[in-house]
Amino acid sequence: MGSPKLHPIMFAGTGSDVGKSVIAAAFCRIFRQDGYNPAPFKAQNMALNSFATPDGLEIGRAQAVQAEAAGVVPFTDMNPILLKPQSDKTCQVVLNGRVYGNKDAYSYFKKEGREVFRSAANAAFDRLSSRYNPVVMEGAGSVSEINLRETDIVNMPMAIYAGADVILVADIDRGGVFASVYGSVLLMTPEERRHVKGILINKFRGDIRLFEKGTRMIEELCGVPVVGVVPYFSEIYIEEEDSVQLQVKKRLAELGNKVNVAVILVRHISNFTDFNMLERDPRVHLYYSNNVKDIADADIIIVPGTKNTLSDLLYLRRNGMAEAIVQAHRNGKTILGICGGYQILGTEITDPEHVESDIERLPGLGLLPVTTVMNGEKITRQTSFAMADGSCQGMKGYEIHNGTTTVCDGYTPSPLCIKADGSGEGYITDNRCMGTYIHGILDNAAFIDFLLAPFAQKTSRKATATDYETFKNEQYDKLAQHVRNHVDMNLIYEILNGERQG
């Protein structure tokens, strides 16, 4: 006999970056541990961090992480609409895993044509709900953006359509938790308010006993139970959804017996989760920077993926970083370009169809003898590969990119990797300069060993290779236990079984 059918549950927020994505991932894991078959759902996600599904389609990375926590294969119904910012005013719209077009904010959010997106989101939810129990939904930004209520397809209108029980998540660490919770509830319509069944206070620091009075006050003000107060954590590693956190990560090189790895902090950085495993390697000190001196101090420089390659190449030229990277290469430093970074390391990038921007042509850094032409076709696929010499078999990653990259006339192809179909991928001049389209290449311990091999004098002490899948599953289990310890799960199940009315 299967588990009883639970209501869908939505984690909506009093604002952005309150921890909705991580809390949703925790509950995906908890429900899985408790014998259910959960799946994540976010109708509309805005992020540069995306993921290629096994069938070669694109969703937000946060929903792929939540699917991992739930123990299910990610697919597009989990995130039917993905908005990928290309500038301060425009986004690439990905609908059901494929590029739908570029839109500015006004045209995307206006009422006319909105039903296309609402219908797609509702249909995706219906398909998920028929297969999984429960659907763990995530809202976006603030739940009470009343100026967008008529066109909202991700917060309360989606919860109402789904018949979801809503848990309002508030971040106490940023301050103003009483006003943010009470204001969010007060600004809801009566119908929206009926769906809010609990409040979760997130990122608490200090002795929770000191907030017991605060919990009672919130319950009295809002007429909604506080289901838990979850402490802030720093020793559980879950992939971040957006690049906000990069601003507070390490920004400087270190002296000592470690390899300094600098990731260039471009303005439109994407898929920065490429560096999570490398960052935790005990042989490495990884930091992010857009400062010329910090680049000079690095042993390895990584030019990461970007959603707007030409714009970020122009940015690197204007702030002196392009020249610093070239000089670092002359000084014997290792340079690795990933996706847009691979394109930037080439001799030239052209965009005759204005796929990315109004910039039609820019010279690259000239470190790799390849040229790139941007085109309308977007490549999204998972891939398995080995090093070009046949070593390191069975490595895995994925591709998400626009543009076709070819070897310049007069140069012989020199692929970095060989894919499972026998085709060459990327380019390598020597073990100090290389580029690849493969995101996740650094999730493979064998490739990290290859990258660090020239620095044996700094990595002489033996490092245990990390099984990244095992590591991630350990983190999901730790996260689930952390949330269980501080949330009333009996109350949650009463709510989801319909035993509690709002």
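Here is a short report on the structure shown in this document. (Residues numbered from 1 in each chain as written. Predicted model: local features only at pLDDT ≥ 70, side-chain atom pairs only at ≥ 80, totals over all residues. Heavy atoms only, no water.)

Glancing now at the side chain of D152. Turning to its location among the elements, D152 is positioned in the loop between β9 (135-138) and α5 (156-162). Setting aside residues no more than four positions away along its own chain, D152 makes contact with R118 and P157. (Helix = DSSP H or I, 4+ residues; strand = E, 2+ residues; numbered from the N terminus. Contact = heavy atoms within 4.5 Å.)

This part covers the pairing of strand β24 (residues 433-436). A two-sided burial pattern is seen for β24, the buried positions comprising C433 and G435 on one face and M434 and T436 on the other. With 4 bridges joining them, strand β16 (residues 334-338) and β24 adopt parallel strand pairing. Across the sheet, G337 pairs through a bridge with G435, a residue of β24. Sheet topology note: the strand β23 (residues 427-430)/β24 ladder contains 3 bridges and is antiparallel. Residue pairing in the sheet places I428 in a bridge with M434 of β24. Joining the antiparallel neighbours β23 and β24 is a turn of 2 residues. (Buried < 20%, exposed > 50% of the residue type's maximum accessible area, 1.4 Å probe, protein only. Pairing = 2+ DSSP bridges.)

Evaluation of the coordinates by the stated rule reveals 22 salt bridges. In this structure, D165 and K197 form a salt bridge, with 2.9 Å as the shortest nitrogen-oxygen distance. Taken together, the residues span a long stretch of sequence, with D165 in strand β10 (residues 165-171) and K197 in strand β11 (residues 196-204) at a distance of 32 residues. As far as burial versus exposure is concerned, D165 and K197 are alike and both buried. One salt bridge connects R381 with E399, and the closest N-O pair in it is separated by 3.2 Å. Within this pair, whereas R381 is found in strand β19 (residues 370-387), its partner E399 is found in strand β20 (residues 395-407), the two being separated by 18 residues in sequence. Among the residues examined, E399 registers a relative accessible area of 2% and is labelled buried. Here the salt bridges do not stand alone but share partners, grouping E58, K84 and K378 into one network. (Salt bridge = Lys/Arg side-chain N within 4 Å of Asp/Glu carboxyl O.)

The subject of this paragraph is the packing of aromatic side chains. Counting across every chain of the model gives 17 aromatic pairs. Of the aromatic side chains, those joined through ring pairs into one cluster are F11, F27, F31, Y36 and Y493. Its end group placed over the ring of Y232, R205 keeps NZ or CZ at 3.8 Å from the ring centre. (Phe/Tyr/Trp six-rings, centres within 6.5 Å; stacked < 30°, edge-to-face > 60°. Lys NZ or Arg CZ within 6 Å of the ring centre and 35° of its normal.)

Here we come to the side chain of Q475. Summarising the element assignment, Q475 is placed in helix α15 (residues 468-486). Given a relative accessible area of 2%, Q475 falls into the buried group. Within the structure, Q475 has its side chain in polar contact with the backbone nitrogen of Y237 (distance 3.0 Å). Not counting the four nearest positions on each side in its chain, Q475 is found in contact with E235, I236, Y237 and I238. (Polar contact = N/O pair within 3.5 Å; in protein donor to acceptor, adjacent residues only side chain to side chain.)

To continue, consider helix α8 (residues 212-222). Within the span of α8, buried status applies to G214, T215, I218 and C222. For α8, the buried positions fall inside an angular range of 105 degrees around the axis, keeping them on one side. Summarising the geometry of α8, the exposed residues directed more than 90 degrees from the buried face are K213 and E220. Next to the buried residues of α8 lie α6 (177-186), α7 (190-195), β11 and β12 (226-231). (Arc of directions from axis to C-beta.)

Time to look at helix α14 (residues 445-452). If you check which residues of α14 are buried, you get F447, I448, L451 and L452. Looking down the long axis of α14, one finds its buried residues gathered within 130 degrees of arc, a one-sided arrangement.

Moving on: the packing of helix α1 (residues 20-33) against α15. Where α1 contacts α15, the axes come no closer than 8 Å and their chain directions differ by 95 degrees. As judged from the angle between their axes, α1 and α15 are roughly perpendicular. Along its contact with α1, which presents V22, I23, A25, A26, F27, R29, I30, R32 and Q33, the element α15 presents N473, Y476, D477, L479, A480, V483 and R484. (Axes fitted to C-alpha atoms, helices over the stretch in contact; angles between N-to-C directions. Parallel < 35°, antiparallel > 145°, perpendicular 65-115°, else oblique.)

In this structure, F27 and I201 are the most contacted members of the largest nonpolar core, which totals 86 residues. Take this core: its biggest share by element is 8 residues, from α1. Beyond its immediate stretch of four places on either side in the chain, F27 contacts F11, L200, V483, V487, M489 and I492. Grouped together as the second largest cluster of nonpolar side chains are 67 residues, A262, V266, I335 and C433 included. (Core = buried A, V, L, I, M, F, W, Y, C linked by side-chain atoms within 4.5 Å.)

The next thing to look at is the sheet that holds strand β1 (residues 9-13). Adjacent strands of a sheet form backbone hydrogen bonds with each other and so pair up, either parallel or antiparallel. Spatially, 6 strands are ordered β2-β9-β1-β10-β11-β12 in an open sheet, and the strand pairing comes out parallel. Edge positions in the sheet fall to β2 (39-41) and β12, since each of these pairs with one other strand and no more. Averaged over neighbouring strand pairs, the angle between their axes works out to 20 degrees when direction is ignored. Running at roughly 160 degrees to β1, α1 makes contact with β1, β2, β9, β10 and β11 of the sheet. The strands that α6 touches are β10 and β11; relative to β10, the one it contacts most, it runs at about 150 degrees.

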